[in-house]
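This is what each chain is made of:
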There are 6 protein chains.
Amino acid sequence: MRIVIINPNTTTAMTAVIDAAARGVARPDAEIVSVTSTMGPASIESHYDEAMAVPGIVDAIEDNPGADGYLLACFGDPGLDAAREVAGAPVLGIAEAAMHLAAPLGRGFSVVTTASRTIGRAADLVEHYGFTRSCRGIHACEIPVLELESNPEAVGIITKMCAEALAADGSDAVVLGCAGMAGFVGDIGAAVGAPVIDGVAAGVGMLTAMAAMGLRTGTRTGEFAPPPPKPYTGLLTPFARPQD
Amino acid sequence: MRIVIINPNTTTAMTAVIDAAARGVARPDAEIVSVTSTMGPASIESHYDEAMAVPGIVDAIEDNPGADGYLLACFGDPGLDAAREVAGAPVLGIAEAAMHLAAPLGRGFSVVTTASRTIGRAADLVEHYGFTRSCRGIHACEIPVLELESNPEAVGIITKMCAEALAADGSDAVVLGCAGMAGFVGDIGAAVGAPVIDGVAAGVGMLTAMAAMGLRTGTRTGEFAPPPPKPYTGLLTPFARPQD
Amino acid sequence: MRIVIINPNTTTAMTAVIDAAARGVARPDAEIVSVTSTMGPASIESHYDEAMAVPGIVDAIEDNPGADGYLLACFGDPGLDAAREVAGAPVLGIAEAAMHLAAPLGRGFSVVTTASRTIGRAADLVEHYGFTRSCRGIHACEIPVLELESNPEAVGIITKMCAEALAADGSDAVVLGCAGMAGFVGDIGAAVGAPVIDGVAAGVGMLTAMAAMGLRTGTRTGEFAPPPPKPYTGLLTPFARPQD
Amino acid sequence: MRIVIINPNTTTAMTAVIDAAARGVARPDAEIVSVTSTMGPASIESHYDEAMAVPGIVDAIEDNPGADGYLLACFGDPGLDAAREVAGAPVLGIAEAAMHLAAPLGRGFSVVTTASRTIGRAADLVEHYGFTRSCRGIHACEIPVLELESNPEAVGIITKMCAEALAADGSDAVVLGCAGMAGFVGDIGAAVGAPVIDGVAAGVGMLTAMAAMGLRTGTRTGEFAPPPPKPYTGLLTPFARPQD
Amino acid sequence: MRIVIINPNTTTAMTAVIDAAARGVARPDAEIVSVTSTMGPASIESHYDEAMAVPGIVDAIEDNPGADGYLLACFGDPGLDAAREVAGAPVLGIAEAAMHLAAPLGRGFSVVTTASRTIGRAADLVEHYGFTRSCRGIHACEIPVLELESNPEAVGIITKMCAEALAADGSDAVVLGCAGMAGFVGDIGAAVGAPVIDGVAAGVGMLTAMAAMGLRTGTRTGEFAPPPPKPYTGLLTPFARPQD
Amino acid sequence: MRIVIINPNTTTAMTAVIDAAARGVARPDAEIVSVTSTMGPASIESHYDEAMAVPGIVDAIEDNPGADGYLLACFGDPGLDAAREVAGAPVLGIAEAAMHLAAPLGRGFSVVTTASRTIGRAADLVEHYGFTRSCRGIHACEIPVLELESNPEAVGIITKMCAEALAADGSDAVVLGCAGMAGFVGDIGAAVGAPVIDGVAAGVGMLTAMAAMGLRTGTRTGEFAPPPPKPYTGLLTPFARPQD
């Protein structure tokens, strides 16, 4: 079983964090392949960055064919539907995976993310995946993504915000809203006394389940079938899908 | 890692089906323990049967302490919240688990269950778990639960209904609405050309993910903390929770 | 016209409170029969207690056949769907009845209940019955159910919480979230200057309306038809439904 | 206890039908007062008619002060919020009352009304009162309101449509969508084998419950307090509310 | 192109404010006709006032036939559906128009209105038009409608409340909840640094768009076709629709 | 007033259709600038195409600064939130604009689009914009986007599907689900006898309204402020936002 994890930004240090989180929960016979996007933004902190991360995601999927599952390791779940069209195996975003695992662990969960400008996107995903009732609040710690590793105070700030969010929202669990926080999950969980869900680990777990069951994205209605080939122009010419 | 699967009805033949489905997807280092309820209905086909299955579920959890996850193998997810209060590890119902895995596999899924009188309960669960948008239809094949094994035509009837449901609902995937159908998932999937999700396998996969992440049900708000001890009377006296 | 009110816990003192509330609103030609469950928990303060109260509820219905309506006098509305299958007349829970009467009395209502761990169950019922827009908040006074009668400060604490809930939620009315509060409705109403709805009285009123109209639970789709008979095992053997 | 029922159209023959339905279910010590609007449309079959019926409704309430409840006997529930502001007791519309009583009688109900152009208004009310999940379909028999009495085939047509609606919608109960159908409830119920809910009887029942409990519309937030007095001009000058 | 704007209250000073707001945004070749209702309340501050404003609205539409669009300049959108039945061109309410323009200008908007007793009506409209997710709060400044012009402190109070609402709700834009505030939009916008949407201007803009596209209210399903003629009685006799 | 319309695919023939539709409804003093994307897919018929169209959209906005509004002329509204971050004026998608104008023209509208695989995206937008209640169905005519112009039977097929959708859905209006259908709106409207809404015209109308009111996208909460500058890598390096 092979799970490919794509870091949709171009920062390899974050890929290392993600890879470690994934390996920490993978089943013994699973192969974890963590790849870094080769184009686009160094971190994803706006709708613009998200949109510009999608070509790199697609590229990474096509460079790593034959996997049993693909995980998009950015909490905005960028390009998820497009990735499903081009991948030959199930694709999950880490926001999606984290919420699916968090919901059954209590009546409600809180999300703690990085920049407040990304709260809107997280709220869209909550609504889209059906977790309106489960998700009781989305909170931003205002630490830039690329400082999560370098700022020694980051884990403390996030832990404090998680504790405050749990209390303010009356939640039973907390979801970490950025792949770059994956390394903090143990420390935060110990401190707040509540389940803390990292989407990278959650995604590996759900894709493992799907793979063991032999499941693939359904293409019956055509929506997630491979995209129809057609001419592409200009800078994006390399992304034209070949005629069969 | 130990996963306890509880067949909430008292029919051991169905426990065997469930156990096989679970072992087929379990990670190599996981221990699967499948237990049959020792009290209550031989099959669950009404709100009444569901309610009467809960004491046996609770009993089975208490008889099997120390697991890393508990799965309730009946599609009505009976007694799920009560089980969460008494178990020392995450608890999932198979309807819940199946829907969480089915949703990311396409835009919509259909459910195919046994008796039409159980459609209402399934609809309640769809709503409760947040899958109103994903679940596009619930269909009954009208085969009694205990005939799923003995009736040689069952798999054919269910397969036909799955194909019809996918077409009628415009779905990308189909969820099997009874633990007793777990053995049919391969045949049906091959026939209908769409992902077919069995809740037993899905539940094992999700509980495995939770266990690998070290997650437990959140008890912060008290809702899922152990139930307060108090006197119990009459037939149910054995179910009084002891004072600490 | 005969209305049977079932106290789903085994505490007869609470049955007396409930009976008085019911008689206070019953029409002159109605017979009120209040019965106490003969098995299960002394009070209901957890999902576990609720589940364990259902056998006693069913037993009480079967011991009192031929009524024109059955009221389950616990705000968690335990076993409501199962009760509908076995009763030969409409069945209401007091949460259900209270909300149906409260909604038309203003734009929004607040609920004041006992233990905070039961808020989640009340929220589920709000959603299930369709009162998401009407119910603006659920508040807990943290008084154990069995102390409602014995604690002389209870009515004062609950009154204060009702007043605070009305103000905080911007509500026009307040629903009492426990059958054990039924005796306080007059005092609280006088103090808070807003409609205060007790579910016991509300349930008697709604069942009276249904009885006068000759209405019974619909069984057309089969969901609420009598449960199919089948073998029961172990402790719950007495609950096997007889073959016709 | 006195319940005032207002026929919002000016057709006294329909008031007689309504009055009979109300008396058929009223408790022995209740006084039923049925009044006919003195201004506006002879029947209500459009948004325009509904709007033009409101002055007459308000007038009827003010002409019949001191009641314990007011029922607006038109299925569009015209002017309900305005009526609540001016009445000194609870006010219900018959659509509202019928839906509150129908919801607990099964998983879903269908509505059978008169003209198809009124379906939209009924759908608005379903949504507004919170019965989106309960109401499974609204069907029109295309019989003009004033022909319900005079057309000997009306009851047969409506009965047939009720049976078809129950089957098509998978409903357990049916709500009659016009006060003018109140006299048919017995015949239809006998024919279709499912609970048939007439809003006039339902409204009398719910108002009786509220009156017995001493409930009034909540005015805490001011929304349903008496309207502020101010100058009125032209044809509607008589409707100016007097300064206190 | 001719747009008729109806002030549903009888205060001509407010019509002047509305007219100026409309002319400020109208396209150069559009004719703006602002009319004052000739009957009913001097201002609209209750459900009662709203209901009593409808005859005057209908009258104004019929007195001004042949327009390309009609705008109802009261934030309760009184009589909107009735107006659509009688008008030969699209009809909008200013709440409706303001919300349609505000939603695309950010993730969420706040509404600032006059009396708190009207918040409920505004909330109903938010729900009815589909802006539950966009509208994050409705706030009242408690200034009577007819004092908006005469009270020199009004604009300051409203500006302060707009700023507070934006902050408290986390909104990106603010909607003015009364036609009488139309003249303040520039001052408030400059002060709060966020888009401020006046429904009069929004309504003129949307009706202009519809008129340029040649659109009319759809009458296919009959709901918005002209109301069926029938006898009218009493004070409202003049409102009987003539037989064709 | 200057409105920039961006055809997000690279097919100039479609830009001409769009430009003509826009000019047909623009106010006399408005400048319409229609531009064709210089990179990406020749037509947009999948989630993949949509994602790959976003860089070209952003590029077109930045190449046309200083406008009073930007319209994205593809019914999937690709990159809308990203475009809002980079544009100095309001941005609308044509699906968004069409639905905002269609909703007030009746109780419900139907959408007729091109390929059935795009129905899912349209359904997401319906949900996201709040038109769940208004939109009654989405139908695909299965004509490839680039054949809309060249296929002489296209307008007839689409007209037939519009008529069928209106009848099947019980709708009052129909929305055309592709910018390439903009030229057909007159013919279809004449044939089906119901309002037909083209998103290009609708978008020009709504942006004109916003421009006349001096409105811009709100940036208060930061979500739609300009994206934070940061390094971009590889093929997408030109899309790095400059440091100020």
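Residues numbered from 1 in each chain as written. Chains lettered and ligands numbered in written order. Predicted model: local features only at pLDDT ≥ 70, side-chain atom pairs only at ≥ 80, totals over all residues. Heavy atoms only, no water.

If you look chain A up in an unreviewed UniProt entry, it shows as Hydantoin racemase from Gordonia amarae NBRC 15530.

Peer 1: Mind showing me how you'd approach the relation of the copies chain B and chain C here?
Peer 2: Each of the two chain copies can be brought onto the other by rotation about an axis and movement along it. Rotating chain B by 180 degrees and moving it 0.0 Å along the rotation axis overlays it on chain C with an RMSD of 0.0 Å. The transformation just described matches what one would write down for a two-fold rotation axis. The overlap is high: 100% of the interface residues of chain B also sit at the interface in chain C, so the same surface is used on both sides. (Least-squares fit on C-alpha atoms with pLDDT ≥ 70 in both. Contact = heavy atoms within 4.5 Å.)

Peer 1: So what exactly am I meant to see when it comes to the domain arrangement of chain A here?
Peer 2: Many structure descriptions define interface size as the accessible area lost when the parts assemble. Residues and elements named next belong to chain A. Split by domain assignment, chain A resolves into domain 1 (2–93 + 202–239) and domain 2 (96–199). Measuring from the centre of the C-alpha atoms in domain 1 to the corresponding centre in domain 2 gives 21 Å. Taken residue by residue, the interface counts 25 residues in domain 1 and 28 residues in domain 2. Between domain 1 and domain 2 the total buried area reaches about 2,000 Å² when both faces are included, carbon and sulfur atoms providing 65% of it. The three residues of domain 1 that bury the most area against domain 2 are Glu-45, Phe-75 and Ala-202, which together make up 35% of that side's buried surface. At the boundary of domain 1 with domain 2, the tally comes to two salt bridges. One salt bridge connects Arg-121 with Glu-50, and the closest N-O pair in it is separated by 3.1 Å. (Domains from an automatic or database assignment. Buried area = accessible area lost by both parts, 1.4 Å probe. Salt bridge = Lys/Arg side-chain N within 4 Å of Asp/Glu carboxyl O.)

Peer 1: How should the environment of Pro-28 of chain B be read in this particular structure?
Peer 2: With respect to the helices and strands, Pro-28 of chain B occurs in the loop between helix H1 (12–25) and strand E2 (31–36). The class for Pro-28 of chain B is exposed, based on a relative accessible area of 55%. Note: C-alpha distance between Pro-28 of chain B and Met-1 of chain B (27 residues apart in sequence) is 10.0 Å. Apart from residues no more than four positions distant in its own chain, Pro-28 of chain B is found in contact with Arg-27, Pro-28 and Asp-29 of chain A. (Helix = DSSP H or I, 4+ residues; strand = E, 2+ residues; numbered from the N terminus. Buried < 20%, exposed > 50% of the residue type's maximum accessible area, 1.4 Å probe, protein only.)

Peer 1: Even after reading the chapter, I still don't get the layout of surface pockets, so can you show me in this structure?
Peer 2: Gaps left between atoms are located by rolling a probe of water-molecule size over the structure's atoms. Residue and element names in this part refer to chain F. Estimated volume of the second largest pocket: approximately 370 Å³. Contributions of two or more residues to the lining of the second largest pocket are made by helix H5 (119–129) and strand E7 (135–140). Per-element accounting of the lining of the second largest pocket gives the leading share, five residues, to H5. Among the residues making up the lining of the second largest pocket, the classes are represented as five nonpolar, six polar and seven charged. (1 Å grid on protein atoms, 1.4 Å probe; cavity = no way out; pocket = protein on both sides within 12 Å on 5 of 7 lines; lining within 4 Å. Points joined across faces, edges and corners; volume = space filled by probe spheres on them. Nonpolar A, V, L, I, M, F, W, Y, C, P; charged D, E, K, R; others polar.)

Peer 1: Teacher, can you tell me more about the pairing of strand E2 (residues 31–36) of chain E here?
Peer 2: Residues and elements named next belong to chain E. Sheet topology places strand E1 (residues 2–7) next to E2; six bridges connect them, and they run parallel. Along E2, the bridge assignment pairs Ile-6 with Val-35. Crossover handedness for the path E1 to helix H1 (residues 12–25) to E2: right-handed. (Pairing = 2+ DSSP bridges. Right-handed = clockwise from strand over helix to strand, strands pointing away.)

Peer 1: What am I meant to see in the packing of helix H4 (residues 94–102) of chain A against helix H9 (residues 199–212) of chain A here?
Peer 2: Two quantities define a packed helix pair, namely the angle between the helix axes and the distance between the axes. All names here are of chain A. Closest axis-to-axis distance for the H4/H9 pair is 8 Å, and the angle between their directions is 80 degrees. Classified by the angle between their axes, H4 and H9 sit roughly perpendicular to one another. In this structure, H4 uses Ile-94, Ala-97, Ala-98, His-100 and Leu-101 to contact H9, whose residues at the interface are Gly-199, Val-200, Ala-202, Gly-203 and Met-206. Class assignment of the residues belonging to the contact of H4 with H9 gives a composition of seven nonpolar, three polar and no charged. (Axes fitted to C-alpha atoms, helices over the stretch in contact; angles between N-to-C directions. Parallel < 35°, antiparallel > 145°, perpendicular 65-115°, else oblique.)

Peer 1: Help me out: how do you make sense of the arrangement of the chains in this one?
Peer 2: Looking at chain A next to chain D, you find no contact at all, with the nearest C-alpha pair sitting 16 Å apart. Without any contact between them, chain B and chain E keep their closest C-alpha atoms 16 Å apart.

Peer 1: What's the story with the interface of chain F and chain A in this structure? I'm lost.
Peer 2: Each partner contributes to the interface: chain F provides 46 residues, whereas chain A provides 46 residues. Across the chain F to chain A interface the summed buried area is about 3,800 Å²; carbon plus sulfur atoms make up 60%. Summed over the three residues of chain F that lose the most area to chain A, namely Tyr-48, Arg-117 and Leu-235 of chain F, the buried surface amounts to 21% of that side. Note that Glu-85 of chain A is salt-bridged to Arg-117 of chain F, the shortest N-O span being 3.0 Å. Here chain F is connected to chain A by 28 residue pairs in polar contact (both at pLDDT 80 or more). Elements represented by at least two residues in the side of chain F that touches chain A include exactly strand E3 (40–41), helix H2 (47–63), helix H3 (80–86), H5 and strand E10 (232–233) of chain F. Among the elements that take part in the side of chain F that touches chain A, H2 of chain F stands out by supplying eight residues, more than any other. Looking at the side of chain F that touches chain A residue by residue, the class counts come to 22 nonpolar, 13 polar and 11 charged. (Polar contact = N/O pair within 3.5 Å; in protein donor to acceptor, adjacent residues only side chain to side chain.)

Peer 1: Help me understand the pairing of strand E6 (residues 109–113) of chain C, please; the structure alone is not making it clear to me.
Peer 2: On a regular strand, one side chain projects to one face of the sheet and the next to the other, so that they alternate. Residues and elements named next belong to chain C. Summarising burial for E6: five of the five residues are buried, a large majority. The two faces of E6 match: Phe-109, Val-111 and Thr-113 on one face and Ser-110 and Val-112 on the other face are all buried. In this structure, E6 lies alongside strand E7 (residues 135–140), joined through five bridges in parallel fashion. Among the inter-strand pairings, Phe-109 is bridged to a residue of E7, identified as Cys-135. Between the parallel elements E6 and E7, the chain passes through helix H5 (residues 119–129) in a crossover that is right-handed. Bridge analysis of E6 against strand E8 (residues 173–176) gives four bridges, and the strand direction is parallel. Note that in E8 the partner of Val-112 across the bridge is Leu-176.

Peer 1: Help me understand the sheet that holds strand E2 (residues 31–36) of chain A, please; the structure alone is not making it clear to me.
Peer 2: Two modes of strand pairing occur in sheets, parallel and antiparallel, and in both the strands are linked by backbone hydrogen bonds. Residue and element names in this part refer to chain A. What the four strands build is an open sheet, ordered E2-E1-E4-E5; its pairing is parallel. This sheet does not close on itself; its edge strands, each paired only once, are E2 and strand E5 (91–93). Between one strand axis and the next, the sheet turns by 20 degrees as a mean value, whatever way the strands run. Judged from the three bridges that link them, strand E4 (residues 69–72) and E5 form a sheet pairing that is parallel. Its bridge partner being in E5, Tyr-70 is matched across the sheet by Val-91. Lying over the sheet, helix H2 (residues 47–63) contacts strand E1 (2–7), E2 and E4, oriented at roughly 155 degrees with respect to E1.

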